Amino acid sequence: MPRPEQRDEVEMLAMMLLIRRFEERASQQYQAQKIGGFCHLYIGQEAVVAGAVAAARPDDYLVTAYRDHAHALARGTSADACMAELFGKATGCSRGLGGSMHFFDKENHMYGGHAIVGAHVPLAAGMAFASKYRKEDRVTLCFFGDGAINQGGFHEALNLAGLFKLPVIFICENNFFAMGTSVKRSTSLEHVVDRAEGYDIPGEIVDGMNFREVRDKLSEIIVSIRKDPHPAFVEARTYRYRGHSMSDPASYRTKEELEKFRLDDPITRLRAQLTREGKLSNEQFGEIDKRAKEEALASVRFAEKSAQPSLEDLYKYTYLRGVDVDVSARKPSPSAGTAGKQERAADTAAP
Amino acid sequence: MREITYRQALNEALAEEIERDPNVFLMGEEVAEYNGAYKVSQGLLDRFGPTRIIDTPISENGFAGLGIGAAMVGLRPIVEFMTFSFSFVAFDQIVNNAPNMFTMSGGQFNVPITFRGPNGPAHQLGATHSHATECLYANVPGLKICTPATPRDAKGLLKTAVRDNNPVLVLECELFYSHKGLVEPEDEELLIPLGEAETKREGSDVTIISYAQTVPMALAAAENLAEEKINAEVIDLRSIKPLDWPRVFQSVTKTHRVVIAEQDRPFCGIGAEIAYRIQREIFDALDAPIMRVAQEDVPMPYNERLEKAVLPNTEKIIAAVKKIC
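Just so it is clear, the model here is predicted, and its values are computed rather than measured.

J.: So what exactly am I meant to see when it comes to the overall build of chain A here?
T.: Helix and strand counts for chain A stand at 13 helices and 8 strands. The C-alpha radius of gyration of chain A comes to 22 Å, within 12% of the 20 Å expected for a compact globule of 351 residues. Structurally, chain A occupies a C-alpha span of about 85 × 50 × 40 Å along its principal axes. For chain A, with 351 residues in total, the buried portion stands at 51%. Taking the intrachain contacts of chain A between residues at least 6 apart in sequence as the baseline, contacts between residues at least 24 apart amount to 76%.

Structure (structure tokens):
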């Protein structure tokens, strides 16, 4: 039974389905060259973010790496805004300026997809620091992959979080491969979770293919952190069905391994649990899935018809309030003295 | 006006801003219990306590990133680097996270953070501890950079930096911490806008553009040149980014000759950009090639004599002026 503070399970199943269907559409649109740059899909890992979000409060800080579409969707960013971002459109969640790896949605407390491996882990420590500084009870959820755990920034952030007792949960989405390099070939430890021990941070392993297990473990940790701020570490063992990015055929792993995890699919599992308990009929599931597919398809149409960001806005978000005094495009006034002051006063003008 | 040191001016700026805004805090190595490696934060821990004045481990990448994360959600951190030579350990945070966030998020997350500390060669610190970092950071859109050369500018620019809504680097001069200068009384708010240069000396024959360590050198050179009837105008840029182009162009339009005295290295240094802009915007005003005085293009030697040979100085500035006047 979900606890009162946890979100409805059928609703969370619908969220996982939306993430899955959205990314299937994204994959298709990438192949049709409607989406540029890199595109990393989360398919297979949905129970991790869904479980965490189900346990958290909507205003808890959430920050993740570049495999970030699911985290925005899970936080409530619309499929339209997500797909438009992939298309680089002005209606995207980052106005088309971020792209696949840099989804942000302040209103829905999505504090970013961050694309330098491990570099956002110190940012998460900073958000948790802000919670503690302001005496808020907000917890920071920091997601990253197994590839991040050998980066300096990761270690420095864990040390600071341990030292300052920051209310942050480091959630390692261990899908066993950092791009094409397995954990065995990259990490001196057998178990990722043991990294936490060196910083006196309690660590847990959860089955990242099991929504309920992720949610319940996270709930327990969050309750404890809200009472008394401290960091925690969760290694969620999961699997991405697709390659590292769209261009990766994932030839470094076997079909058998992939099939083993596919049989343990997180959506199928939660559906079976709910069906068995009489909380979800086949018809209801069919209806939810149909809605997810429709929403994903509609997001493509929305993205297609959305406008490009305007060229005039190129400098709009370099500095807040456009405070750039670059007036080099203007000829200097022939009379030295006061003219400079006037031009400087106009520091909100575009360069 | 009263006379205080550059160090004291920075200390006052920190205290005033921490006092004024509960979201402002100071973080860095040895800033609290040790009272600052250069005593800039002297007394602040006693006055504001450990929640506002925070000692960190030697972990620049970690605490710079922590500051940026805190700034993303509304705090206004002041992060001290014991020297900007150590900021390279946090380079990814300073160039990839702080200045990119506002653009990448489509304007949702600005990063109001101040990075401050000594920058530029001091005295016989060797290659690793002598970096003048301004030209590296000036290449990054989204960052602002100021380089106070006097106690007054140190106070006024640091206070402005803390209030700015963007990441600002306040590059202090280690050799100037004990310099004295006139500063407004403590009860008078002193804010100096970023991007506003100051004409330190009026002249008509040549413009010497300086900043940070080269300001006193340029002024000494100008005094010296006056004896030879060369009347030099001296500009202190005070901010590198944004840069006060109107003041530069106005001065050069008047004097027709320019020497840029910079504390960084020559290749892609600050002076390279200034020279380019001057020739692009006011080519017709120039009566002579633009001269630059910068460091020699070598890693900094420890040996005192060799170090002196690498650095800009008054004599080098005078020689550069004489080549074009």
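Let's pick the thread back up.
J.: Looking at this model, I keep getting lost on the domain arrangement of chain A. Mind explaining?
T.: In many analyses, interface size is given as the accessible surface area lost on bringing the parts together. Per the domain assignment, the segments of chain A are domain 1 (9-309) and domain 2 (312-351). Look at where the C-alpha atoms of domain 1 of chain A and domain 2 of chain A centre, and you get two points 42 Å apart.

J.: I keep staring at the pairing of strand E11 (residues 232-236) of chain B and nothing clicks. Help me out?
T.: Moving residue by residue along a regular strand, the side chains alternate between the two faces of the sheet. Residue and element names in this part refer to chain B. A large share of E11 lies buried, amounting to 5 of its 5 residues. Taking every second residue as pointing to the same face, both faces of E11 are buried, with Ala232, Val234 and Asp236 on one and Glu233 and Ile235 on the other. Where strand E9 (residues 198-201) and E11 come together, 3 bridges link them in antiparallel fashion. Bridged to glutamate 198 within E11 is aspartate 236.

J.: For this particular structure, what's the right way to read the confidence of the model for chain B?
T.: If pLDDT is low for a region, its predicted coordinates should not be looked at in detail. Here chain B averages 97 in pLDDT, while 100% of its residues score no lower than 70. Scored as a whole, the predicted complex attains pTM 0.93, and scored at its interfaces, ipTM 0.95.

J.: So what exactly am I meant to see when it comes to the sheet that holds strand E10 (residues 206-210) of chain B here?
T.: For sheets, the rule is that strands pair by backbone hydrogen bonds, running either parallel or antiparallel. Residues and elements named next belong to chain B. The sheet built from 5 strands is open, its strands ordered E9-E11-E10-E13-E14 with mixed pairing. The open sheet has two edge strands, E9 and strand E14 (291-293), and neither has a second partner. Shown here is a sheet whose adjacent strand axes are inclined to one another by a mean of 25°, direction ignored. As paired elements, E10 and E11 share 5 bridges and run parallel to each other. Each bridged residue has a counterpart across the sheet, and for isoleucine 209 the counterpart in E11 is isoleucine 235. Those strands touched by helix H12 (residues 314-324) are E10, E11, strand E13 (258-261) and E14, and its axis lies near 170° from that of E14.

J.: So what exactly am I meant to see when it comes to the interface of chain A and chain B here?
T.: With 49 residues of chain A at the contact, the number on the chain B side is 48 residues. Where the side of chain A that touches chain B is concerned, the elements lending two or more residues are strand E2 (110-113), helix H5 (121-133), helix H6 (152-164) and helix H13 (338-345) of chain A. Considering each element in turn, the side of chain A that touches chain B owes the most residues, 9 residues, to H5 of chain A. Residues of the side of chain A that touches chain B, tallied by class, amount to 26 nonpolar, 12 polar and 11 charged.

J.: Got a minute to help me understand the confidence of the model for chain A in this structure?
T.: In this model, chain A carries a mean pLDDT of 91, and residues with pLDDT of at least 70 account for 91%. Of the regions scoring below 50 in pLDDT, residues 322-351 of chain A engages in 50 contacts with residues more than four places distant in sequence or in other chains.

J.: Help me out: how do you make sense of unusual backbone geometry in this one?
T.: Glycine aside, a negative phi is what most residues show, and trans is what most peptide bonds show. Each neighbour pair has its own omega, and for lysine 241 of chain B with proline 242 of chain B the value is 0°, a cis peptide bond. For proline 242 of chain B, the location among the structural elements is in the loop between strand E12 (239-241) and helix H9 (245-255). With a phi close to 55°, lysine 135 of chain A is a non-glycine residue in the positive phi region. Examined against the element boundaries, lysine 135 of chain A turns out to sit in the loop between H5 and strand E3 (140-145). Of the residues examined, lysine 135 of chain A has 8 C-beta atoms within 10 Å and is grouped as exposed.

J.: I would appreciate a short explanation of the environment of serine 251 of chain A in the present structure.
T.: Within the element layout of this structure, serine 251 of chain A appears in the loop between strand E8 (232-237) and helix H10 (255-262). C-alpha of serine 251 of chain A to C-alpha of tyrosine 66 of chain A: the two residues are 185 residues apart in sequence and 21 Å apart in space.

J.: Mind showing me how you'd approach helix H1 (residues 6-20) of chain B here?
T.: Turn by turn, an α-helix covers 3.6 residues, leaving residues three or four places apart pointing in a common direction. The terminal C-alpha atoms of H1 of chain B, which comprises 15 residues, lie 21 Å apart, in line with the 21 Å expected from a rise of 1.5 Å per residue. What H1 of chain B keeps buried is the set Tyr6, Arg7, Gln8, Ala9, Leu10, Asn11, Ala13, Leu14, Glu17 and Ile18 of chain B.

J.: Could you clarify how one ought to interpret the packing of H9 of chain B against helix H10 (residues 270-282) of chain B in this entry?
T.: What describes two packed helices is the angle between their axes and the distance between those same axes. Residue and element names in this part refer to chain B. Where H9 meets H10, the axes come as close as 11 Å, and the angle between the chain directions of the two elements is 65°. In the packing of H9 onto H10, the handedness of the crossing is right-handed. On H10, the residues touching Trp245, Val248, Phe249, Val252 and Thr253 of H9 are Ile274, Arg277, Ile278, Glu281 and Ile282. Counted by class, the contact of H9 with H10 contains 7 nonpolar, 1 polar and 2 charged residues.

J.: What is the right way to look at the packing of helix H4 (residues 79-86) of chain A against helix H12 (residues 282-305) of chain A in this model?
T.: Residue and element names in this part refer to chain A. Relative to each other, H4 and H12 sit at 50°, their axes nearing to 8 Å. Our classification of the angle between H4 and H12 gives oblique. Crossing of H4 over H12 shows right-handed handedness. Residues Ala79, Asp80, Cys82, Met83, Ala84 and Leu86 of H4 pack against Glu295, Ala296, Ser299, Val300, Phe302 and Ala303 of H12. Looking at the contact of H4 with H12, its residues break down into 9 nonpolar, 1 polar and 2 charged.

J.: What's the story with the sheet that holds strand E4 (residues 76-80) of chain B in this structure? I'm lost.
T.: Residue and element names in this part refer to chain B. Spatially, the 7 strands line up as an open sheet ordered E3-E2-E4-E5-E7-E6-E12, and their pairing is mixed. With one partner strand each, in any of the chains shown, strand E3 (53-55) and E12 form the two edges of the open sheet. Across this sheet, the average inter-strand angle for adjacent strands is 20°, counted without regard to direction. Examined bridge by bridge, strand E2 (residues 24-28) and E3 share 3 bridges and lie parallel to one another. Its bridge partner lying in E3, leucine 26 is registered against isoleucine 53.

J.: What should I look at first to understand helix H8 (residues 214-226) of chain B in this one?
T.: Under the 1.5 Å per step criterion, the end-to-end length of H8 of chain B is 18 Å for 13 residues, consistent within 8% with the ideal 18 Å. Restricting attention to buried positions, one finds in H8 of chain B the residues Thr214, Val215, Pro216, Met217, Ala218, Leu219, Ala221, Ala222 and Leu225 of chain B.

J.: Would you mind showing me how to read the domain arrangement of chain B here?
T.: All names here are of chain B. Looking at chain B, the domain boundaries give domain 1 (2-183) and domain 2 (198-324). Distance from the C-alpha centre of domain 1 to the C-alpha centre of domain 2: 26 Å. At the interface, 22 residues of domain 1 touch 22 residues of domain 2. Counting only elements with at least two residues in the side of domain 1 that touches domain 2, the list comes to helix H6 (134-138), strand E6 (144-146), helix H7 (151-163) and strand E7 (168-173). When its residues are assigned to classes, the side of domain 1 that touches domain 2 shows 14 nonpolar, 5 polar and 3 charged.

J.: Explain the nonpolar core to me, please; I cannot follow it from the model alone.
T.: Across soluble globular proteins, you tend to see nonpolar side chains buried next to one another. Counting residues in each nonpolar core, the largest one holds 204 residues, and the members touching the most others are Ala125, Met127, Cys142 and Ile169 of chain A together with Ile208, Val259 and Ile317 of chain B. With 11 residues, the top contributor of residues to this core is helix H1 (residues 9-31) of chain A. Excluding anything up to four places from it in sequence, methionine 127 of chain A contacts Tyr61, Val63, Tyr111 and Thr140 of chain A together with Gly69, Ala70, Met72 and Val73 of chain B.

Conventions and cut-offs
- Residues numbered from 1 in each chain as written.
- Chains lettered and ligands numbered in written order.
- Predicted model: local features only at pLDDT ≥ 70, side-chain atom pairs only at ≥ 80, totals over all residues.
- Helix = DSSP H or I, 4+ residues; strand = E, 2+ residues; numbered from the N terminus.
- Rg over C-alpha atoms; globule rule 2.2 N^0.38 Å.
- Buried ≥ 20, exposed ≤ 12 C-beta atoms within 10 Å, placed from the backbone.
- Contact = placed C-beta atoms within 7 Å.
- Domains from an automatic or database assignment.
- Pairing = 2+ DSSP bridges.
- pLDDT = per-residue confidence, 0-100.
- Axes fitted to C-alpha atoms, helices over the stretch in contact; angles between N-to-C directions.
- Nonpolar A, V, L, I, M, F, W, Y, C, P; charged D, E, K, R; others polar.
- Expected span 1.5 Å × (residues − 1).
- Left-handed = near helix turned anticlockwise from the far one by under 90°.
- Parallel < 35°, antiparallel > 145°, perpendicular 65-115°, else oblique.
- Core = buried A, V, L, I, M, F, W, Y, C linked by C-beta atoms within 7 Å.

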